[in-house]
Each structure stands twice: as C-alpha cells, then as structure tokens.
Amino acid sequence: MGKVVLVTGVARQLGGRFVRRIQRDPEVDRVIAVDAVPPAHHLGGADFIQADIRLPTIARVLAETGADTVVHMDVTGTALRGGSRATVKETNVIGTMQLLGACQKSPTVRRLVIKSSTNVYGSAPRDPAVFTETTPPKSLPSGGFAKDTVEVEGYVRGFARRRPDVAVCVLRFANILGPAADTPLASYFELPVLPTVFGYDPRLQFVHEDDVVEVLRIASHEPRRGTLNSGTFNIAGDGVLLLSQCSRRLGRPTVPLLLPAVTWAGSLVRTLGMTDFSPEQIRLLTHGRVVDTVQMRETLGFTPKYTTAETFADFARGQGPGLVPPEALAGAVDRIAELATRGGGRPTTHSAN
Amino acid sequence: MADAKVIPFDDDRSRGSAAQRPARRRSTGSRRGGLGETGEMGEVQPLPGRARAQEDGPVSPVEDAKGATEQPGTDGPGGGLERRVAAGLAFLRRRLTGDYDVDDFGFDEELTDQVLMSLLRPVYEKYFRVEVKGIENIPAKGGALIVANHSGTLPLDGLMMQVAVHDHHPADRHLRLLAADLVFVLPVVNELARKLGHTLACAEDAERLLGQGELVGVMPEGFKGIGKPFSERYKLQRFGRGGFVSTALRQGVPIIPCSIVGAEEIYPMIGNAKTLARLLGFPYFPLTPTFPWLGPLGAVPLPTKWTIQFGEPIPTDGYPAEAAEDPMLMFNLTDQVREQIQHTLYKLLVQRRSVFF
C-alpha cells in the first residue's frame, strides 16, 4: 500500500511546487492538496480540497482521505492576495492547532513535517554568532511571524509528546529565496534603493526554493539508511552574505538610516499597508542571523544544492538590473585597469567612477 | 591623507617620463615621508615607491581611505608596478561588486588584511611602538586560546594584540578576539568588530572558533580590567568565572598567557562618572586628566611604549573529558594562568625604562 500525503498551504507557489514534485515519487500513491483558496497554479493532478485549516473541517478531510503523511506548509509570513496580518497569524497559529488536533485523532498519520523558520531564534546583539538547533534565544521574538513560529513549534512539541508514534520533523528554514520567491525578504530586495540600518551590516543566510522542496521531500519519506528525519533541523545554504554584499551584487544602492528612523518608517509603511515590514524583519536586517547546519548534513543526510551566495545569485538573475549594476562598476574598473596597464592613463578618467 | 591625495596626481603626470627624471622622483619620494630613503638607492629601488603612489591615483577617488593606506612593501622589488596596480584595481573591483567572502562570524579577511590592518599599523608601529616577545609560543596551526590582561579604558590593547599576531607570526595567523556584548550593541563598532573577526564573548562562539582551529583571544577581566582606576594599574582583576579554561579544556587547545604593558597608561582614569555612565548605558564613564575637559582632543591616548609578551603555552589536552566540569581544576588552572600573566607583568615593568620610551 502506498502513501497518502496531505499538504497544506498549496495556494502558494512553493506549496504548489512541492505538490507537483512529490507526486512523481514512486512510493507516493495520492497527494491531497489543501488550502483555503484555490491555487492559481496547476497542481499536477493532485486532489485539491478547499478547506480552511482554521476550521474543524480539516479533521474530516484527514479522516476521509486516510492520509499517513502530513506536510504542513501553511506557516508563512506574508498574506496571500492582500489578506491582513491578523488572518496570517490565525492561519499560522489556530490553523496549526486545528491541524495538530486533527492529526492527534487520526489513527493513520505516521509522519508530520512542519515548515518552520529560523525566525524562532530571534535576532539580538547578545546572541551567539551561530545558532544551533539547541541554542535558546536570548530574547524571544515579540511579535509578527517570528512569534507565530515560536508558538507553532510549541504546539508541535506538545503534539510530539502526545503522539510519540508519529515521526515529527520540524524544518527551520533560513530566508527562502529563488527566482519566484514571495517572502518578505525577497520583496525587500526588490526595492530600487535598499534602506539599511546605519552602522550595522547583518549576516544573512539564504536557502534556495529547489532545496526547500527537496528537503521537504526527504523529510516526508522514510529515512534513508544511516539518516534520521525526525527532530528539528536548521536548513540553510552554505556560507554567509553580508547585507552590503547583497546590495552590491544586486546593484541596488543602500540608504543607511538611523535605527529609530528605520523603526518609524517601518511602522509607517505597515500602517499604510504597503508591505509587511515587520519589527522582526528590521531586527534581522540589523543584527542578522546565522544558523549551524551540521545536523542537516549529518543526521538528516541532506546537502543543499545551492550555497547562500548561489541562491542569491539565482535570485538576482530574476531581478532587473539595479541602479548601479555590478557589471557596469566592474566594467569601469576594468577600463581604468586597461588605461593604467597601458601606462598612458590620464588622471581625468577617475571621474568616470 | 591630504598628502596622499595630492602627490599621486603630480606623480601620475610624470609617469611617462619618470625614468628620465630621477631627480623629480627623489623629491616626490622624500615628500612621502617614510618612502624617502628609497630614492637614494639606485635604479631599481624607486619602483616600489612610485608604484605605490601611482596606485593611489586610480584608487583614491573612490575609496581613498582604502587605496591610500594600501600597505607598502608587500610586493617584491621587481615587476611590482603593474602587478600592484592590477592587484589594487582587482581589489577595488571585488569590493565594488560584492565579490568577496566572509565567514560565518562575518570576518572579512580581505578587508582586514588590506585596509583595517593598514589603518591600525601606524598606531601600532609609530604611536605605541609595540615590542612583541615570545611570538614563537603561538602554534603555527591548530586552535589556541590567548588569554591577556585588559586595560586602558578603551580596548585598544585587544586591537594591538591582533596586529601583533598578524604582523609578527610567521604563519600569518589571524587572532579572533572575543568582545564584550556592548561592542555588538553599538552601531558602526559592531560592524567593524565583526569584519575584523571579533565575536561575542560566549562559550558557544569560543568553542566553535577553537573547533575550527582558529586562534582565539580573550581578556577575562572584562570591564573590571579595562575600567579600573589608574591607581590600580597592572593589578589583575578577577578572571570572571574561569569560563575560558573550561572552553579550552573542552576543545583540548593550549592556553597562551599574554601580558600587555603600556596600555594601562594611555588613558589614566582618575575618576568615573557613574551617573553619566548609567545614563548612557556604559559600564563606566572615564574621567582622565584630559577627558572630557578638552573634548575630542582629550580622547587622544598618551603615546606610551608598549610591550606584548606571549608566554609559554599551558597544555590542556592531558586532562580527561570530564575535567571541564571539575570546579577545583578550573580554579587551579585559572589561577595558574592569572599568576603567570601577573608575574610576567611585574617582570616587564621592572625591565621598562620609562612609560613613554
């Protein structure tokens, strides 16, 4: 008998991609895609069930389909199609509670995969430079998506205690980027001029969408020999990029602002409803966050295809050229180099810079 | 800096015919201070001096601080000109396009080597005239924990220790300092500290760095040492809870005691404005004979003569695994390190002729 996989949050393109990918796996019999709104993209023949995970109907869906693997991807930071922050929070927290309640009653569920985020560690100057899965955060996130993830993980731990027979895998993803990512950080990098916090150059880590889909797939199957796919894992690409490096690679100039000004501007933008530039986001862009991925490699047995830098390069390719494209700058320097090596370079060419 | 800006242009113009006009070259060289002597030394010698000046030309308009402080003397005497220009431009290109690497801690090795160290080096060589002893006690590879005394109101001693290791160690090792959390709260300071390879003084970071085989520097006295009054100079304060010893034990790396003489006198702290300090959120607010009475001028450190002595390594790999949990062993080792540093401090103080020479 094959597997029946239930996936939540399929109206987002990442959920859609995962549904399409996992159907190709031979051991998967049936994929049930669940979301409150019908997806704009096709799901490759998966059974779509329109159900709001905040309502008890999800228990019925789970019971009727007899799913044995539940992949909960509906923990997100941004609203889909102009929903409010309150809706997002409800979906994250109440939705997870309902889903876990349904899983607890279901005798068929054997495996639960949760898409969480490294946001659970918060971001503070007094934190160690690199977070491992066991590092307690120095300051718990005060609100926003980060607090949602902390609460979601709390419920998941409770569920794991009550149902020790279910393999639970919590994947804490670093900032997800990719050519079509719709994360808050991606929309930040789409700004023509990047506002930054003066005097801080945060360290950022990215994980590519392809790797997200792949690691979710590993987590939702039986563990391969010598690996273990239940537990909590940080998922991030190798290496670190500084925000200044990101802006230079994108060719978007930065505008350093004092921290109070950034906080004020962030709340203004939020009030106007332009983007969800949450305080957590500002903290990330102030202090940065780097996680340790040894467990991902050694226990989960997953090696990401993209490093942080390659993920960012792939994302940058999908963006238009910035105001000061790195190619143009490199070209200008090369021209000077050419003049200098020819030995006839006039000092006036410096103004070309 | 003004000098460095004006002269390259001057020099650039003469570049084409410079070979025919040694006299002009000499005058340019002597105006550039330290490079003056190169003019007297025959046909080949002037090249590095000229190469440096010329490199300043294209680089300085964009990142003048970086270009102008490029370290002289890293290139060989022959064929230096074009290579140095190319290297300087390649550096500029990498910086402008963001094409460089930082490690997990935010350590920007290239920026540290090319720019930040060059900024600190004049202070190290010319201002404090640091004398380094016992550099051979630092292993050429593998992790080691350097434990030093801390003094001087501002943590210049840590930076000087970093330059000392970087410039004098034959294996070009980088010292990764553990800094107080205040450093990472302050804007600009935290950015520079991370790029210099410093990280927060916590067991997790220290163990991670030591596990990677890095050279880690720690000043266990912390604010008690750096903010002590002038009357208590060269008296070591309590070494925290000895957490550095258990970190070293867990990683099995040697502890290298380090004694720094000279840093105590750079800002003689005669008073502490505690209320002001509390208001600003600092652990202390120093009052020196010149600060804050003379304003920013009062913040110029006194040009004392420094000595940094690295002592004999204390091995920690002979202990069993559970030794890191043994409080008695911890206190014993902490005391051993502390006494060795204090002893060396007294010895160096006896040898010292005067504070300033």
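Note that this is a predicted model, so its numbers are computed, not measured. (Residues numbered from 1 in each chain as written. Chains lettered and ligands numbered in written order. Predicted model: local features only at pLDDT ≥ 70, side-chain atom pairs only at ≥ 80, totals over all residues. Heavy atoms only, no water.)

A.B. asks: With reference to specific residues and values, describe the overall build of chain A.
C.D. replies: A count of helices and strands for chain A gives 12 helices and 13 strands. Once the C-alpha set of chain A is aligned to its principal axes, its extents read approximately 80 × 40 × 40 Å. Counting only residues that meet the buried cut, chain A has 54% of its 353 residues in that class. Intrachain contacts of chain A at a sequence separation of at least 6 include 79% that bridge at least 24 residues. In the form shown here, chain A has an accessible surface area of approximately 14,500 Å², with 57% of it arising from carbon and sulfur atoms. (Helix = DSSP H or I, 4+ residues; strand = E, 2+ residues; numbered from the N terminus. Buried < 20%, exposed > 50% of the residue type's maximum accessible area, 1.4 Å probe, protein only. Contact = heavy atoms within 4.5 Å. Areas by Shrake-Rupley, 256 points an atom, 1.4 Å probe, with all protein chains shown as cover.)

A.B. asks: Let's hear about the overall build of chain B: which residues, and what values?
C.D. replies: A tally of regular secondary structure across chain B gives 13 helices and nine strands. In chain B, which comprises 357 residues, the share counted as buried stands at 52%. At a minimum sequence separation of 6, the contacts of chain B that also span at least 24 residues come to 74%. Of the roughly 16,100 Å² of accessible surface on chain B, 58% is carried by carbon and sulfur atoms.

A.B. asks: Go over the packing of helix 4 (residues 80-97) of chain B against helix 5 (residues 109-127) of chain B with me, naming the residues and quoting the values.
C.D. replies: Residues and elements named next belong to chain B. Direction vectors running N to C along helix 4 and helix 5 enclose 130 degrees, while the axes themselves pass 12 Å from each other. One element, helix 4, and the other, helix 5, form an angle in the oblique class. For the pair helix 4 and helix 5, the crossing hand works out as left-handed. Of the residues in helix 5, those in contact with F91, R94 and R95 of helix 4 are E110, L111, Q114 and V115. (Axes fitted to C-alpha atoms, helices over the stretch in contact; angles between N-to-C directions. Parallel < 35°, antiparallel > 145°, perpendicular 65-115°, else oblique. Left-handed = near helix turned anticlockwise from the far one by under 90°.)

A.B. asks: For the pairing of strand 6 (residues 255-261) of chain B, give the residues involved together with the corresponding values.
C.D. replies: All names here are of chain B. Summarising burial for strand 6: seven of the seven residues are buried, a large majority. Along strand 6, one buried face is formed by I255, P257, S259 and V261 and the opposite face, lined by I256, C258 and I260, is buried too. Here strand 2 (residues 144-148) pairs with strand 6 via four bridges, running parallel. Bridging across to strand 6, L145 finds its partner in I255. For strand 6 and strand 9 (residues 307-310), the ladder comprises four bridges, and the chain directions are antiparallel. From the neighbouring strand, S259 faces strand 9, where its bridge partner is Q309. (Pairing = 2+ DSSP bridges.)

A.B. asks: Break down the UniProt feature "domain: Phospholipid/glycerol acyltransferase" (unreviewed entry) in chain B for me, citing the residues and quoting the values.
C.D. replies: Per the UniProt annotation, the sites labelled "domain: Phospholipid/glycerol acyltransferase" (unreviewed entry) are residues 144-263 of chain B. Span residues 144-263 of chain B is 39% helix and 19% strand, its end C-alpha atoms 23 Å apart. (UniProt positions renumbered as here; feature names shortened; annotations may be inferred.)

A.B. asks: Could you give me a rundown of the interface of chain A and chain B, with the residues and numbers involved?
C.D. replies: Quoted interface sizes are often the accessible area lost when the parts come together. Taken together, the contact between chain A and chain B spans 36 residues of the former and 41 residues of the latter. Each partner contributes to the roughly 3,300 Å² buried at the junction of chain A and chain B, and carbon and sulfur atoms together form 57% of this total. Where chain A packs against chain B, one counts four salt bridges. Of the charged contacts, one joins K195(B) and D201(A) as a salt bridge, the two residues approaching to 2.8 Å between their closest N and O atoms. Linking chain A with chain B are 15 residue pairs in polar contact (both at pLDDT 80 or more). (Buried area = accessible area lost by both parts, 1.4 Å probe. Salt bridge = Lys/Arg side-chain N within 4 Å of Asp/Glu carboxyl O. Polar contact = N/O pair within 3.5 Å; in protein donor to acceptor, adjacent residues only side chain to side chain.)

A.B. asks: I'd like a description of the sheet that holds strand 1 (residues 3-8) of chain A, backed by residues and values.
C.D. replies: Residue and element names in this part refer to chain A. Judged by pairing direction, the sheet is parallel, and its seven strands sit side by side in the order 3-2-1-4-5-6-11 without closing on themselves. Each of the sheet's edge strands pairs with one partner strand only, and the pair in question is strand 3 (47-50) and strand 11 (231-235). Across this sheet, the average inter-strand angle for adjacent strands is 20 degrees, counted without regard to direction. Each of strand 5 (111-117) and strand 6 (167-173) touches helix 4 (residues 144-162); the most contacted strand, strand 5, lies at about 160 degrees to it.

A.B. asks: Mind laying out the packing of aromatic side chains, listing which residues take part and the relevant values?
C.D. replies: Residue and element names in this part refer to chain B. Inspection of every chain in the model, using the stated rule, returns 12 aromatic pairs over all chains. Centroid distance F128 to W306: 4.5 Å. Interplanar angle 25 degrees. Geometry classified as stacked. Placement of the pair is F128 in the loop between helix 5 and strand 1 (131-133) and W306 in the loop between strand 8 (286-287) and strand 9, with a sequence separation of 178 residues. On the basis of relative accessible area, F128 is assigned to the buried category, the value being 0%. (Phe/Tyr/Trp six-rings, centres within 6.5 Å; stacked < 30°, edge-to-face > 60°.)

A.B. asks: So what's going on with empty space enclosed by the protein? Which residues, and what values?
C.D. replies: Residues and elements named next belong to chain A. Applying the stated criterion across every chain yields a total of eight cavities of 30 Å³ or more. As a volume, the largest cavity reaches approximately 510 Å³. As for the largest cavity, its lining consists of 35 residues, of which G77, K115, F145, T183 and P184 are closest to the centre. Elements with a contribution of two residues or more to the lining of the largest cavity: helix 1 (13-22), strand 5, helix 4, strand 7 (175-177), helix 5 (184-189) and helix 9 (279-287). A breakdown of the residues in the lining of the largest cavity according to their chemical character gives 12 nonpolar, 15 polar and eight charged. Of the volumes computed, that of the second largest cavity is approximately 210 Å³. (1 Å grid on protein atoms, 1.4 Å probe; cavity = no way out; pocket = protein on both sides within 12 Å on 5 of 7 lines; lining within 4 Å. Points joined across faces, edges and corners; volume = space filled by probe spheres on them. Nonpolar A, V, L, I, M, F, W, Y, C, P; charged D, E, K, R; others polar.)

A.B. asks: So what's going on with the sheet that holds strand 6 of chain B? Which residues, and what values?
C.D. replies: Residues and elements named next belong to chain B. Pairing is mixed across the open sheet formed by seven strands, whose spatial order is 1-9-6-2-5-3-4. At either end of the open sheet lies a strand with only one pairing partner, and these are strand 1 and strand 4 (199-200). Lying on the sheet, helix 6 (residues 156-168) is in contact with strand 1, strand 2, strand 3 (175-179), strand 5 (215-218), strand 6 and strand 9; it crosses strand 3 at an angle near 170 degrees. Sitting on the sheet, helix 11 (residues 243-251) is in contact with strand 2, strand 5 and strand 6, with an inclination near 165 degrees to strand 2.

A.B. asks: For helix 11 of chain B, give the residues involved together with the corresponding values.
C.D. replies: Those residues of helix 11 of chain B that sit buried are F244(B), V245(B), S246(B), T247(B), A248(B) and L249(B). Positive phi appears at G252(B), one or two residues downstream of helix 11 of chain B, with a value of about 65 degrees.

A.B. asks: Before we move on, could you go through the nonpolar core and cite the residues and values that matter?
C.D. replies: Residue and element names in this part refer to chain A. Residues V7, L171, F173, L216 and I235 are the most contacted members of the largest nonpolar core, which totals 37 residues. Mapped by element, the contributors of at least two residues to this core are strand 1, helix 1, strand 2 (28-35), strand 6, helix 6 (209-220) and strand 11. Here the element with the most residues in this core is helix 6; it accounts for six residues. (Core = buried A, V, L, I, M, F, W, Y, C linked by side-chain atoms within 4.5 Å.)

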